[in-house]
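Residue-level listing of the chains:
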Number of protein chains: 2
Amino acid sequence: MAEEAHGLGRHTRQRLQVTALLEETDEFRSAQRLHEMLRARGVPVGLTTVYRTLQILSDAGEVDVIRLPSGEHLYRRCGAGRHHHLVCRHCARTVEIPGPGVEQWARRIARQHGYVDVAQTLELFGTCADCAAQGRT
Amino acid sequence: MAEEAHGLGRHTRQRLQVTALLEETDEFRSAQRLHEMLRARGVPVGLTTVYRTLQILSDAGEVDVIRLPSGEHLYRRCGAGRHHHLVCRHCARTVEIPGPGVEQWARRIARQHGYVDVAQTLELFGTCADCAAQGRT
DNA sequence: CCAAGTTTCGGAAACGGTTGTCATTATAGT
DNA sequence: ACTATAATGACAACCGTTTCCGAAACTTGG
Ligand SMILES: [Zn+2]
Ligand SMILES: [Zn+2]
Ligand SMILES: [Zn+2]
Ligand SMILES: [Zn+2]
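The numbers attached to residues start from 1 for each chain and follow its sequence in the written order. Here chains are named by letter from A upward and ligands by number from 1 upward, in the order in which they appear as written. Residues qualify for local features only when their pLDDT is at least 70, as the model is predicted, and side-chain atom pairs are given and counted only at 80 or more; totals for whole chains, interfaces and linings, by contrast, use all residues. Where side-chain values are given, they derive from all heavy atoms of the structure, hydrogens and water being excluded.

Looking up chain A in an unreviewed UniProt entry gives the name Fur family transcriptional regulator, with the organism given as Phytohabitans maris. UniProt positions are given in the numbering used here, feature names are shortened, and annotations may be inferred rather than shown by experiment. Under the Subcellular location (unreviewed entry) heading, UniProt states for chain A: "Cytoplasm". On record in UniProt, under Sequence similarities (unreviewed entry), the comment for chain A is "Belongs to the Fur family."

Structure representation (structure tokens):
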């Protein structure tokens, strides 16, 4: 029993804890922040393992990744289907934006210039209603 | 005389060499690559100075910067006005794409979800016609 | 032209997020 | 349980970038 037919490797205590934590929020969070949170609640997990688990999850399409201007990666458990992200730059609260429209536009633009096999990186950063109400610029 | 009214500091040999090199191409290039190229043509410039110069130029809006998935920054002397970039992932040859359409779309989406002060990151990566003809995947 | 003040240079060291190493430990099929 | 195999995690390495700081190069006033 407890068969692993999901392409994610073994069900270890640590991975279950990371995935459980990712289920709890709509915010994008960094590997280091997730690690801190797990340690804070008494889960003895190594930072390396958190990075490894997030790598596996993102390779499997189970989590989405965005990169801040600083270079750090943020991870989030998202809904199915391609989409972009509207992320609050203060609290990282995120709304999913359906993707097809922009993707079509990108493919058309690329073809017009002779480029093929186009990929896009599009993220939107803003200040969410709550953070704006609290006066955060 | 020869006063510097351009907000870029002094016209030193090194800065002139960096800007001159940037004028020579339509490709985005990394600081390290620019440094190598200058040394290769006998210009004795330090890597630190190349980084500093590129920082100054990008702050002044004289060059555009994009970031590769690996995290390294690429720099290019671009035309005036806001635009996005369609970049060949093999040779970094770049076409400028007018920006207003996407920006309008982004602002509208953001407002619909209560987000304000929206900023976007959009780059297109593809394979250019030449590189495709040479069989690069 | 000279001296004093200011800016820039550049080698070396630090930085920060991420990835590799490898001996130890946990998992899952039998 | 037993065993083969995969995962863990403390630590070190990595890599592009930034900071430090003494030396060198400009600029300015006299
Ligand atoms: Zn998502
Ligand atoms: Zn917010
Ligand atoms: Zn540009
Ligand atoms: Zn190309």
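Now that the structure has been shown, the text picks up again.
1. What to know about the nonpolar core
Within soluble globular proteins, side chains that are nonpolar tend to cluster in buried spots. Counting 28 residues, the largest nonpolar core has Trp105 and Leu124 of chain A together with Trp105 and Leu124 of chain B as its most contacted members. Each helix is a run of DSSP H or I of at least 4 residues and each strand a run of E of at least 2, with the numbering of both proceeding from the N terminus. Among the secondary structure elements, those contributing two or more residues to this core are β4 (83-88), α4 (100-112) and β6 (116-127) of chain A together with β4 (83-88), α4 (100-112) and β6 (116-127) of chain B. The residues contacting Trp105 of chain A, other than those within four sequence positions of it, are Ile97, Val102, Leu122 and Leu124 of chain B. Ala31, Val45, Val50 and Leu57 of chain B belong to the second-largest nonpolar core, a separate cluster that totals 14 residues. By nonpolar core we mean a set of buried residues, namely Ala, Val, Leu, Ile, Met, Phe, Trp, Tyr and Cys, connected to one another through side-chain atoms within 4.5 Å. Under the scheme applied here, a residue whose accessible area is under 20% of the maximum for its type counts as buried, over 50% as exposed, and between as partly exposed, the area being computed with a 1.4 Å probe on protein chains only. Any two residues whose heavy atoms approach within 4.5 Å are treated as being in contact.

2. Focus: the pattern of salt bridges
A pairing counts as a salt bridge when a side-chain nitrogen of Lys or Arg comes within 4 Å of a carboxyl oxygen of Asp or Glu. Applying the stated criterion across every chain, the model contains 16 salt bridges over all chains. Measuring nitrogen to oxygen at the nearest pair gives 3.6 Å for the salt bridge that ties Arg77 of chain A to Glu62 of chain A. Of this pair, Arg77 of chain A sits in the loop between β3 (73-76) and β4 while Glu62 of chain A sits in the loop between α3 (47-59) and β2 (64-67), and the two are 15 residues apart along the sequence. Of the residues examined, Arg77 of chain A reaches a relative accessible area of 33% and is grouped as partly exposed. A salt bridge links Arg89 of chain B to Asp117 of chain A, with the shortest nitrogen-to-oxygen separation between them at 3.6 Å. In this pair, Arg89 of chain B is assigned in the loop between β4 and β5 (94-98) and Asp117 of chain A in strand β6, connecting two distinct chains. Residue Arg89 of chain B is classed as partly exposed on the basis of its relative accessible area, which comes to 34%. Bridged by salt links that share partners, the residues Glu23, Glu62 and Arg77 of chain A form one connected network.

3. Section: the protein's contact with DNA strand D
If a single non-hydrogen atom of a residue is within 4 Å of a molecule or strand, that residue counts as near it. Taken together, 19 residues surround DNA strand D, and among them Arg10, Thr12 and Arg52 of chain A together with Tyr51 and His73 of chain B come closest. A breakdown of the atoms of DNA strand D within 4 Å of the protein gives sugar and phosphate a share of 69%. We call two N or O atoms a polar contact when they sit within 3.5 Å, provided that within protein one can donate a hydrogen and the other can accept it, with sequence-adjacent residues counted only if both atoms are side-chain atoms. The contact in question runs from a base oxygen of DNA strand D to an N or O atom on the side chain of Arg10 of chain A, over 2.8 Å. The separation between a phosphate oxygen of DNA strand D and a polar side-chain atom of Tyr51 of chain B is 2.7 Å. When residues of the surface near DNA strand D are traced back to their parent elements, those giving at least two are α1 (13-23) and α3 of chain A together with α3 (47-59) of chain B.

4. Some remarks on the coordination of the zinc ion (ligand 4)
Residue and element names in this part refer to chain B. Metal donors: N, O and S atoms at distances within 2.8 Å, or within 3.2 Å for Na, K and Ca, with water omitted from the atom set so that some sites may seem incomplete. Around the zinc ion (ligand 4), the donor atoms from the protein are Cys88 (SG), Cys91 (SG), Cys128 (SG) and Cys131 (SG), and they sit 2.3 to 2.4 Å away. Between 85 and 135 degrees for all angles marks four donors as tetrahedral; over 155 degrees for opposite donors together with 65 to 115 for all other angles marks four donors as square planar and six as octahedral; every other arrangement is irregular. Here the zinc ion (ligand 4) is ringed by four donor atoms whose angles at the metal span 106 to 112°, and the overall shape comes out tetrahedral. Mapped onto the sequence, the donors of the zinc ion (ligand 4) take the spacing C-x2-C-x36-C-x2-C. Of the two residues, Cys91 sits in the loop between β4 and β5 while Cys131 sits in helix α5 (residues 129-133), which places them 40 residues apart along the sequence. Considered together, Cys91 and Cys131 belong to a single accessibility category, that of buried residues.

5. Some points on helix α2 (residues 31-40) of chain A
All names here are of chain A. Among all positions in α2, only Ala31, Leu34, His35 and Leu38 are buried. In a view along the axis of α2, the buried residues occupy a sector of 100°, so they form one face of it. Residues of α2 that are exposed and angled more than 90 degrees away from the buried face: Glu36 and Ala40. Following α2 by one or two positions, Gly42 adopts a phi angle in the positive range, close to 85°. Each direction from the helix axis to a C-beta atom contributes to the arc, which is the arc of those directions.

6. Here we look at the sheet that holds strand β1 (residues 29-30) of chain A
Residues and elements named next belong to chain A. Any two strands are treated as partners once DSSP identifies two or more bridges connecting them. Read from one edge of the open sheet, three strands run β1-β3-β2, paired in antiparallel fashion. The sheet is open, and its two edges are formed by β1 and β2, each paired on a single side. The pairing of β1 with β3 spans two bridges and is classified as antiparallel. Looking at the pairing, Arg29 lines up with Tyr75 of β3.

7. Section: the sheet that holds strand β2 (residues 64-67) of chain B
The strand order across the open sheet built from three strands is β1-β3-β2 (chain B), with neighbouring strands paired in antiparallel fashion. Only two strands of the sheet have a single neighbouring strand rather than two, namely β1 (29-30) and β2 of chain B.

8. Quick word on the coordination of the zinc ion (ligand 1)
Residues and elements named next belong to chain A. Taken together, Asp64 (OD), Cys78 (SG), His83 (NE2) and His85 (NE2) make up the protein donors of the zinc ion (ligand 1), found 1.9 to 2.1 Å from the metal. One chain supplies every donor for the zinc ion (ligand 1), spaced along it as D-x13-C-x4-H-x1-H. Given the relative accessible area of 12%, Cys78 is considered buried.

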